[in-house]
Amino acid sequence: MGRLVRWALLGGLLFIVMGPIAVVALYRVVPPPITWLMVQRTFEGRGFDRRWVPLNQISPQLVRAVIASEDSGFCQHHGFDIAAIEKALHHNAVSERIRGGSTISQQTAKNVFLWPHRDWVRKGLETWFTVLIEGIWGKPRIMEVYLNSIEWGPGVYGAEAAAQANFHVSAAHLAPAQAARLAAIIPKPLSWRAGAPGPYVRRRSGTIVARAGVVRRDELDGCVDGQP
């Protein structure tokens, strides 16, 4: 009986370790299917519109805008921005408004593999999946999956669906201002609108346009292949 228990524990451990590795390796070449959040939103009756496109069919303006707004160190870190995490912890200790310190890599790991609600189990798994996608996918694939998976409005997922829904253009033809508006609404995609922005989104979009110019000037998007 003791030997059976040990074999069962070993098998469970191998599954916990090797299972995620196998799935991440598969998603390096196969578009990840529907996510937990997409399932939840569908049951809430919000609809579903997602149109996967490769990274070279997404405007570099959008890549720069999301780097500028969400993770300026995307090309420099290896999945975790320690300085941003420390700032978020300090802010959250003295404020009731929670600020996140997640990188684009961490957001991608959470969006693709995990459930949307915050808890310590999810945070631990998010860390593990972030390490895996950084090592197995690399930066271009992380950006590609991120831009094709995040929520951009009720029932709207990914850059192509978001560009069509808000501006009636393809993701490949987004202008700098349009890309900045899409990046601006990422924190609250169910409340804010890129196509009909309110005053705050307009102001934030202008800031993102300026920061995206810095991203281009300083080549902070250089790790993302296929971006001119």
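Further up the page is the structure itself.
Let us look at the structure shown here. (Residues numbered from 1 in each chain as written. Predicted model: local features only at pLDDT ≥ 70, side-chain atom pairs only at ≥ 80, totals over all residues. Heavy atoms only, no water.)

### Considerations on the overall build of the protein
Here's step 1: Along its length, the protein carries ten helices and two strands.
Here's step 2: Overall, the protein shows an N-to-C arrangement of helices and strands of α-α-β-α-α-α-α-α-β-α-α-α.
Here's step 3: Going through the 228 residues of the protein one by one, you find that 43% of them count as buried.
Here's step 4: Surface summary for the protein: the accessible area is close to 12200 Å², and the carbon and sulfur share equals 61%. (Helix = DSSP H or I, 4+ residues; strand = E, 2+ residues; numbered from the N terminus. Buried < 20%, exposed > 50% of the residue type's maximum accessible area, 1.4 Å probe, protein only. Areas by Shrake-Rupley, 256 points an atom, 1.4 Å probe, with all protein chains shown as cover.)

### Notes on the packing of helix H3 (residues 60-70) against helix H9 (residues 176-184)
Here's step 1: Packing of H3 against H9 brings their axes to within 8 Å, and their N-to-C directions diverge by 40°. It follows from the interaxial angle that H3 and H9 lie oblique. Crossing of H3 over H9 shows right-handed handedness. Along its contact with H3, which presents Gln-61, Leu-62, Ala-65, Val-66, Ser-69 and Glu-70, the element H9 presents Pro-176, Ala-179, Ala-180, Leu-182 and Ala-183.
Here's step 2: For the contact of H3 with H9, a count of residues per class yields eight nonpolar, two polar and one charged. (Axes fitted to C-alpha atoms, helices over the stretch in contact; angles between N-to-C directions. Parallel < 35°, antiparallel > 145°, perpendicular 65-115°, else oblique. Left-handed = near helix turned anticlockwise from the far one by under 90°. Contact = heavy atoms within 4.5 Å. Nonpolar A, V, L, I, M, F, W, Y, C, P; charged D, E, K, R; others polar.)

### Description of the packing of aromatic side chains
Here's step 1: Enumeration over the complete set of coordinates arrives at six aromatic pairs.
Here's step 2: Plain terms: the ring middles of Phe-48 and Tyr-157 are 5.7 Å apart, the flat faces sit at 35° to each other, and that makes the pair tilted. Of this pair, Phe-48 sits in the loop between helix H2 (36-43) and strand E1 (49-50) while Tyr-157 sits in strand E2 (residues 156-157); the two residues are 109 residues apart in sequence, bridging distant segments of the chain.
Here's step 3: A residue is classified by how much of its surface remains accessible, and Tyr-157, at 0% relative accessible area, is buried.
Here's step 4: An angle of 40° between the planes, with centres 6.1 Å apart, marks the rings of Phe-113 and Trp-137 as tilted. One end of the pair, Phe-113, is in helix H5 (residues 104-113); the other, Trp-137, is in the loop between helix H6 (120-136) and helix H7 (139-149), with 24 residues separating them in the sequence. Note on accessibility: Phe-113 and Trp-137 belong to one class, buried.
Here's step 5: Stacked on the ring of Phe-74, the Lys or Arg Lys-139 has its end atom at 4.6 Å from the ring centre. (Phe/Tyr/Trp six-rings, centres within 6.5 Å; stacked < 30°, edge-to-face > 60°. Lys NZ or Arg CZ within 6 Å of the ring centre and 35° of its normal.)

### Here we look at helix H8 (residues 159-167)
Here's step 1: Within H8, seven of the nine residues are buried, which leaves the element mostly enclosed by the surrounding structure.
Here's step 2: The set of residues buried in H8 consists of Ala-159, Glu-160, Ala-161, Ala-162, Ala-163, Asn-166 and Phe-167.
Here's step 3: Looking at the buried positions of H8, the neighbouring elements they touch are E1, H3, H7, E2 and H9.
Here's step 4: At the exit of H8 stands His-168, carrying a positive phi of roughly 60°.

### Let's talk about the packing of H3 against H7
Here's step 1: At their nearest, the axes of H3 and H7 sit 12 Å apart, and the two run at 90° to each other. By the criterion of interaxial angle, the relationship of H3 to H7 is roughly perpendicular. Residues Leu-62, Val-63, Val-66, Ile-67 and Glu-70 of H3 pack against Met-143, Tyr-146 and Leu-147 of H7.
Here's step 2: Along the lines of polarity and charge, the residues of the contact of H3 with H7 split into seven nonpolar, no polar and one charged.

### Section: H7
Here's step 1: Among the eleven residues of H7, ten are classified as buried, and the element is accordingly described as predominantly covered.
Here's step 2: Every buried residue of H7 is listed here: Lys-139, Arg-141, Ile-142, Met-143, Glu-144, Val-145, Tyr-146, Leu-147, Asn-148 and Ser-149.

### A few points about the nonpolar core
Here's step 1: Leu-62, Val-66, Phe-113, Met-143, Leu-147 and Trp-152 are the most contacted members of the largest nonpolar core, which has 51 residues in total.
Here's step 2: Broken down by secondary-structure element, the contributors of at least two residues to this core are helix H1 (2-27), H3, H5, H6, H7, H8, H9 and helix H10 (199-217).
Here's step 3: Here the element with the most residues in this core is H3; it accounts for six residues.
Here's step 4: Those residues within four positions of Phe-113 in sequence are excluded, and the remaining contacts are Val-23, Val-24, Tyr-27, Trp-36, Phe-129, Ile-133 and Trp-137. (Core = buried A, V, L, I, M, F, W, Y, C linked by side-chain atoms within 4.5 Å.)

The values are spatial; any link to function lies outside them.
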